[in-house]
Amino acid sequence: MELEYLNSIKKQFEYYKSVGEKTFAQLDEKDFFWQFNEESNSIAIIVNHLSGNMKSRWTDFLTSDGEKEWRNRDLEFESVIKTKEQLFLKWNDGWECLFDALNSINKENFDTEIFIRNQSHSILEAINRQFAHYSYHIGQIVYVGRMIKGNEWKSLTIPKGNSSDFNKAKFSKGKHGGHFSDDIK
């Protein structure tokens with residue numbers, strides 16, 4: 001069960017990473033820095049926060065608290081990313097740290113107690129906590145991207161009005177395995 005869960009959650013993380021990247025692909029450089037108002041976050045700010053959180057939570061995941069002393073969470077919500085290139089470096093650095101940590105988990109260490117801000121978590125709880133957090137912020141990225149693009153927005157999953165066709169194609173395969181995102185990545 002542990003390995004099945006790990007394989008499943010890795011695919012879930014990969015899926016949400018791809019949703020973010022499909023959004024990025026539709027944007028011009030200036031779009032990454034657009035803010036609805038002074039109090040809202042740009043995509044660059046959200047990416048900066050995600051990267052900071054990922055680096056803190058997943059560095060030495062099995063052996064140290066997930067809230068690292070070197071993390072400056074408040075700075076994550078400032079406009080420190082200035083270019084699209086910097087944004088992609090932060091984005092990829094965070095995800096690499098996450099996947100490296102997930103790949104370090106196995107049957108022998110699956111029962112390791114994880115701490116975040118000195119609060120105990122099982123590996124399942126720690127991973128699920130971060131999965132919910134990241135999908136929340138990636139949803140924000142998609143929403144901001146969609147606001148910016150308006151009528152030019154290209155659907156990231158099943159295009160509006162195509163649910164019936166998508167379902168017909170899925171059901172035509174008969175009962176089968178795989179991950180739900182295999183046909184919409």
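Residues numbered from 1 in each chain as written. Predicted model: local features only at pLDDT ≥ 70, side-chain atom pairs only at ≥ 80, totals over all residues. Heavy atoms only, no water.

J.: How should the overall build of the chain be read in this particular structure?
T.: The number of helices and strands found in the chain is 5 helices and 2 strands. Counting from the amino terminus, the chain carries its helices and strands in the arrangement α-α-α-β-β-α-α. With respect to the principal axes defined by its C-alpha atoms, the chain has extents near 50 × 45 × 25 Å. Residue pairs in contact within the chain that sit at least 24 positions apart in sequence constitute 73% of those at least 6 positions apart. When the accessible surface of the chain is split by element, carbon and sulfur atoms take 50% of a total near 10,900 Å². (Helix = DSSP H or I, 4+ residues; strand = E, 2+ residues; numbered from the N terminus. Contact = heavy atoms within 4.5 Å. Areas by Shrake-Rupley, 256 points an atom, 1.4 Å probe, with all protein chains shown as cover.)

J.: I keep staring at the pattern of salt bridges and nothing clicks. Help me out?
T.: Side chains that carry opposite charge are capable of pairing whenever their charged atoms lie near each other. All chains considered together, the criterion is met by 9 salt bridges. Its salt-bridge partner being Lys 30, residue Asp 28 comes within 3.9 Å of it at the nearest N-O pair. Here Asp 28 falls in the partly exposed class, since its relative accessible area comes to 42%. Across the pair Asp 31 and Lys 30 runs a salt bridge whose closest N-O atoms are separated by 3.2 Å. Overall, the relative accessible area of 61% leaves Lys 30 in the exposed class. What you see here is one network of salt bridges that share partners, running through Arg 57, Glu 67, Arg 71, Glu 76 and Arg 117. (Salt bridge = Lys/Arg side-chain N within 4 Å of Asp/Glu carboxyl O. Buried < 20%, exposed > 50% of the residue type's maximum accessible area, 1.4 Å probe, protein only.)

J.: Quick question: what am I supposed to make of the nonpolar core here?
T.: Note on soluble globular proteins: their nonpolar side chains tend to be buried together. Core analysis: the largest hydrophobic core is formed by 41 residues, its most contacted members being Phe 13, Ile 43, Trp 58, Phe 61, Leu 98 and Ile 127. Where this core is concerned, the elements lending two or more residues are helix H1 (2-25), helix H2 (43-58), helix H3 (84-103), strand E1 (114-116) and helix H4 (123-149). With 9 residues, H4 is the single largest residue contributor to this core. Not counting chain neighbours up to four residues away, the residues in contact with Phe 61 comprise Ala 101, Ile 105, Ile 114, Ile 123, Ala 126 and Ile 127. (Core = buried A, V, L, I, M, F, W, Y, C linked by side-chain atoms within 4.5 Å.)

J.: Is there a simple way to explain the packing of H2 against H4 in this structure?
T.: Axis separation between H2 and H4 bottoms out at 10 Å; the angle between their running directions is 165°. By the criterion of interaxial angle, the relationship of H2 to H4 is roughly antiparallel. When the axes of H2 and H4 are compared, the crossing they make is left-handed. Residue-level contacts link Ile 43, Ile 46, Val 47, His 49, Leu 50, Asn 53, Met 54, Arg 57 and Trp 58 of H2 to Ile 127, Arg 129, Gln 130, His 133, Tyr 134, His 137, Ile 138, Gln 140, Ile 141, Val 144 and Gly 145 of H4. Its residues placed into classes, the contact of H2 with H4 shows 11 nonpolar, 7 polar and 2 charged. (Axes fitted to C-alpha atoms, helices over the stretch in contact; angles between N-to-C directions. Parallel < 35°, antiparallel > 145°, perpendicular 65-115°, else oblique. Left-handed = near helix turned anticlockwise from the far one by under 90°. Nonpolar A, V, L, I, M, F, W, Y, C, P; charged D, E, K, R; others polar.)

J.: Mind showing me how you'd approach the packing of aromatic side chains here?
T.: As enumerated under the stated definition, the model contains 15 aromatic pairs in all. Arranged with centres 6.1 Å apart and planes meeting at 50°, the rings of Phe 13 and Tyr 134 form a pair that is tilted. Of this pair, Phe 13 sits in helix H1 while Tyr 134 sits in helix H4; the two residues are 121 residues apart in sequence, bridging distant segments of the chain. The exposure class assigned to Phe 13 is buried, which follows from its relative accessible area of 1%. In this structure Tyr 134 comes out as buried when scored by relative accessible area, which is 1%. (Phe/Tyr/Trp six-rings, centres within 6.5 Å; stacked < 30°, edge-to-face > 60°.)

J.: Hey, could you run me through H4 in this one?
T.: For an α-helix, the turn length of 3.6 residues means that residues three or four places apart are oriented alike. Taking 1.5 Å per residue as the helical rise, H4 with its 27 residues ought to reach 39 Å, and the 39 Å between its terminal C-alpha atoms agrees with that figure. The first or second residue beyond H4 is Gly 150, which carries a positive phi of 55°. (Expected span 1.5 Å × (residues − 1).)

J.: Got a minute to help me understand the packing of H1 against H4 in this structure?
T.: How two helices pack is summed up by the angle between their axes together with the distance between the axes. Interaxial distance between H1 and H4 falls to 9 Å at its minimum, and their mutual angle equals 15°. With respect to their mutual orientation, H1 and H4 come out roughly parallel. Our pair here, H1 against H4, has a crossing hand that is left-handed. Mapping the contact onto sequence places Tyr 5, Leu 6, Ile 9, Gln 12, Phe 13, Tyr 16, Lys 17, Val 19, Gly 20, Thr 23 and Phe 24 in H1 and Leu 124, Ile 127, Asn 128, Gln 130, Phe 131, Tyr 134, Ser 135, Ile 138, Ile 141, Val 142 and Gly 145 in H4. Per-class residue counts for the contact of H1 with H4 are 14 nonpolar, 7 polar and 1 charged.

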